[in-house]
Amino acid sequence: MLLPILILLLCLIGGGAVLFFLRTSKRRSQATSDAARQTAQQFVNVQDIQGHFLYTLDGWVLSYLRIFPISLDLLSLSEKRMLIRKLTAELSSIRFPFKFLAVSRPVDISPLITDLSSLLPSADSAQKELLRQELMEMNSLALSGEVVERQFYLSLWQRQGQGGERELLDKAKRLVQHFEDAGVQAQLLKQQEIVRLCNLVNTPAYSHLDQADPEEAIPFLFYREG
């Protein structure tokens, strides 16, 4: 009598373990499927982009400024010191936080290669040799993907709510004015430019395209079963 009872208990335990494993696997599969179906906006915490604002899923609204770089090599020592003093004086009155972003943008040099190629037929022998060497160098850079441009941005944020967008826009415009008063060009980004910035940050292989419709540049993550 003892042996059949042991066999029955082992079967019950084994069946329970199999049932538990199947349920757990089904839950994990469902969670993986739901995560795979999420859009790129959900993945990067973006709810919407309208006008000068980016709205996040966790209740924040952000604005972005582009700061155009200055070639310090073209400035004398006294000019550099003057620029530092101006920036310090202008930004010393800022009492709200902001974040600095520096991103690299791939540059399309194919128009430059086309222009150099068009000069070959009318060039003399010495010029042709120089042009061929330049074309070889440009083609090498284009294939390596090392042709990048550094772009600089500032991001500001505010909790979503009544008057939040107006207050954030006022802060952004004030900051732009402070930089311009110091002799540094700054620009408040609009919808299409914010989309491009999101692509630069979240899509490393993104190449700058002048698109009329910004929605064409918003990527989605698709999931296909099987």
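Everything here concerns the structure above.
For clarity, every value in this text was computed on a predicted model and none was experimentally measured. (Residues numbered from 1 in each chain as written. Predicted model: local features only at pLDDT ≥ 70, side-chain atom pairs only at ≥ 80, totals over all residues. Heavy atoms only, no water.)

**Q** Quick rundown of the overall build of the protein? Include the residues and the values.
**A** Helices and strands together make up the secondary structure of the protein, namely seven helices and six strands. For the protein, the α and β elements follow one another from N to C terminus as α-α-β-β-β-α-β-α-α-β-α-β-α. Expressed as a percentage of the 226 residues in the protein, the buried residues total 26%. Put simply, 69% of the contacts in the protein that link residues at least 6 apart link residues at least 24 apart. For the protein, the accessible area works out to roughly 15,800 Å², and carbon and sulfur atoms hold 59% of it. (Helix = DSSP H or I, 4+ residues; strand = E, 2+ residues; numbered from the N terminus. Buried < 20%, exposed > 50% of the residue type's maximum accessible area, 1.4 Å probe, protein only. Contact = heavy atoms within 4.5 Å. Areas by Shrake-Rupley, 256 points an atom, 1.4 Å probe, with all protein chains shown as cover.)

**Q** Please give an account of the packing of aromatic side chains that cites residues and values.
**A** This model, assessed by the stated rule, comprises two aromatic pairs. Where F100 meets F152, the ring centres are 6.0 Å apart and the plane angle is 20°; that geometry is what we call stacked. Of this pair, F100 sits in strand β4 (residues 99–106) while F152 sits in strand β5 (residues 148–159), and the two are 52 residues apart along the sequence. (Phe/Tyr/Trp six-rings, centres within 6.5 Å; stacked < 30°, edge-to-face > 60°.)

**Q** Pulling in residues and values, what's your account of the pairing of strand β1 (residues 46–50)?
**A** Pairing between β1 and strand β2 (residues 53–56): four bridges, direction antiparallel. Each residue of the ladder has a partner; that of I49, found in β2, is L54. The antiparallel pairing of β1 with β2 creates a hairpin that spans two residues between the two strands, and G51 there sits at a positive phi of about 60°. (Pairing = 2+ DSSP bridges.)

**Q** So, the pairing of β5: which residues are in play, and what are the values?
**A** Relative to β5, strand β3 (residues 60–67) is paired through eight bridges, and the arrangement is antiparallel. Paired with V61 across the two strands is Q158, which belongs to β5. One ladder, built from eight bridges, connects β4 with β5; its direction is antiparallel. Along β5, the bridge assignment pairs L101 with Y153.

**Q** I'd like to hear about helix α6 (residues 164–181), residue by residue, with values.
**A** Across its 18 residues, α6 extends 26 Å between first and last C-alpha, which sits within 8% of the 26 Å expected from 1.5 Å per residue. If you follow the buried residues of α6, they end up packed against β2, β3, α3 (77–91), β5 and β6 (186–188). G183 sits one or two residues past α6 and shows a positive phi near 90°. (Expected span 1.5 Å × (residues − 1).)

**Q** Break down the environment of K128 for me, with residues and values.
**A** One can find K128 in helix α5 (residues 125–144). Residues K128 and L116, spaced twelve residues apart in sequence, show a C-alpha to C-alpha distance of 9.9 Å.

**Q** I'd like a description of the pattern of salt bridges, backed by residues and values.
**A** Using the criterion set out here, one finds two salt bridges in the structure. One salt bridge in this structure joins K171 and E167, with 3.9 Å as the shortest N-O distance. Residue K171 and its partner E167 are located together in helix α6, separated by four residues, close to a single helical turn. On the accessibility criterion, K171 (15% relative accessible area) is buried. A relative accessible area of 40% means that E167 is categorised as partly exposed. Here D170 ties to R174 by a salt bridge, and the two come within 3.9 Å at their closest N and O atoms. With a gap of four residues between them, D170 and R174 both fall in helix α6, about one helical turn apart. (Salt bridge = Lys/Arg side-chain N within 4 Å of Asp/Glu carboxyl O.)

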